[in-house]
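# Structural overview for review
In case you want the letters, here they are:
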Amino acid sequence: LASFAGCTPKAKEPLKVGIAIYKFDDTFMTNYRTEMESYLKSLETDDVKYEITITDGKNDQATQSEQIDNFISQGYDVLIINLVDLTAAGAIIAKVKAANIPTVFINRQPSTADMALWDKITYVGAKAEDSGTYQGEIALDLWNAGGLDKNGDGKLQYVMLMGQAIHQDAALRTEYSIKKLTDSGVEVVKLFEERANWNRDEGQVQMASAIAQYGDKIEVVFGNNDDMALGAIQALKAAAMVIPVIGVDATAPALDAIGLGDLAGTVLNDSEGQAHTSVDKALALLAGDTLVKEYWVPYVKVTPANYEDFK
Ligand code: GAL
Ligand code: CA
């Protein structure tokens, strides 16, 4: 009787954790996935082991959906999904539900309606509004210190480099960074607003184009993330211009750039905190716990005054 496969205690087999990332070539999500893996490993005991597979969606939903189908057909125990395209959420939730595989969505938030489709799913993220507001505060402090109004017209002429259109973070950071300024009575003039899709090279190209069109009129630059902000700094350097640039994420190269005086500030997008929370929630779902639909990890404002604390 002891040899019946069905009687093998589940705890002795490794638990299969499938992690689908929208694409590997992304600085913030690389920190995030690396941390999820090492954190899961740190939770292993003599009895509980994790078999972790992380897939690269290559920024293509069809590719990612296939990877998720494979996790399902191979009997994975729990999934953590960073969707490529939020509009695919409904179809994917229907599949994991049919297969009874609890799933944590991360970084890109499915709609409330999609999240209501099943009780064994949750979302872990950070409130994008707050990151925008902190960017606005960093600019406001520079404005109040008299450091931004180069042409003395009492208005702030700005450039905005935006992330991918599908992502809630892009729209909300764009909106709330400027809202903080206008709510505080600063008059703003949008000179240039283009997508650079979270990408450093595209940030550099777009910033070069902003400089070609507006040159010395530009008084501050916002990037929806650090990679685009760092690309903008490269373009500014190539044009021998110095203008405050503000990012989001607090990646290692961004913190270095603050130290060098190249980046005026950023906002910590806590990849470590989010990685731990997503793993904790995945394991809680697996244990049968009832979870709420969303968990938020706080952002932190990072300036030359405190950036060393984040290194
Ligand atoms: C954002 C992050 C970006 C990028 C994006 C990917 O939260 O700030 O740098 O990683 O997620 O979805
Ligand atoms: Ca001005």
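Values in this document were obtained by computation on a predicted structure and should not be read as measured data. (Residues numbered from 1 in each chain as written. Chains lettered and ligands numbered in written order. Predicted model: local features only at pLDDT ≥ 70, side-chain atom pairs only at ≥ 80, totals over all residues. Heavy atoms only, no water.)

### Considering the sheet that holds strand β3 (residues 78-81)
- Spatial strand order, β2-β1-β3-β4-β5-β11: six strands in an open sheet with parallel pairing. Two strands bound the open sheet, and with one partner strand each, they are β2 (50-56) and β11 (294-296). The average undirected angle you get between the axes of adjacent strands in this sheet is 20°.
- Helix α3 (residues 89-99) contacts β3, β4 (103-106) and β5 (121-125) of the sheet and is inclined by roughly 160° relative to β4.
- Against the sheet, helix α10 (residues 271-286) makes contact with β1 (15-21), β2, β3, β4, β5 and β11, and its axis sits at roughly 170° relative to β5, the strand it touches most. (Pairing = 2+ DSSP bridges. Helix = DSSP H or I, 4+ residues; strand = E, 2+ residues; numbered from the N terminus. Axes fitted to C-alpha atoms, helices over the stretch in contact; angles between N-to-C directions. Contact = heavy atoms within 4.5 Å.)

### With respect to unusual backbone geometry
- The backbone of Asn100 shows a phi angle near 55°, a positive value even though the residue is not glycine.
- For Asn100, the location among the structural elements is in the loop between α3 and β4.
- Under the relative-accessibility criterion, Asn100 is labelled partly exposed at 44%.
- Backbone geometry places Asn197, a non-glycine residue, at a positive phi of 55°. (Buried < 20%, exposed > 50% of the residue type's maximum accessible area, 1.4 Å probe, protein only.)

### Considerations on empty space enclosed by the protein
- For the structure on display, the rule yields two cavities of 30 Å³ or more.
- Considering only enclosed or pocket space, the largest cavity measures out at about 120 Å³ in volume.
- As for the largest cavity, its lining consists of 13 residues, and the residues nearest its centre are Asp26, Phe28, Asn107, His167 and Trp198.
- Breaking the lining of the largest cavity down by element, the ones donating at least two residues are α1 (27-42) and α6 (168-183).
- The residue inventory of the lining of the largest cavity, partitioned by class, reads four nonpolar, four polar and five charged.
- Of the pockets and cavities examined, the second largest cavity occupies roughly 40 Å³.
- What lines the second largest cavity is simply Asn107, Tyr123, Gly125, Ala126, Gln168, Asp169, Asn269, Gln274 and Tyr299.
- Counting residues per element, the ones that place at least two in the lining of the second largest cavity are β5 and α6. (1 Å grid on protein atoms, 1.4 Å probe; cavity = no way out; pocket = protein on both sides within 12 Å on 5 of 7 lines; lining within 4 Å. Points joined across faces, edges and corners; volume = space filled by probe spheres on them. Nonpolar A, V, L, I, M, F, W, Y, C, P; charged D, E, K, R; others polar.)

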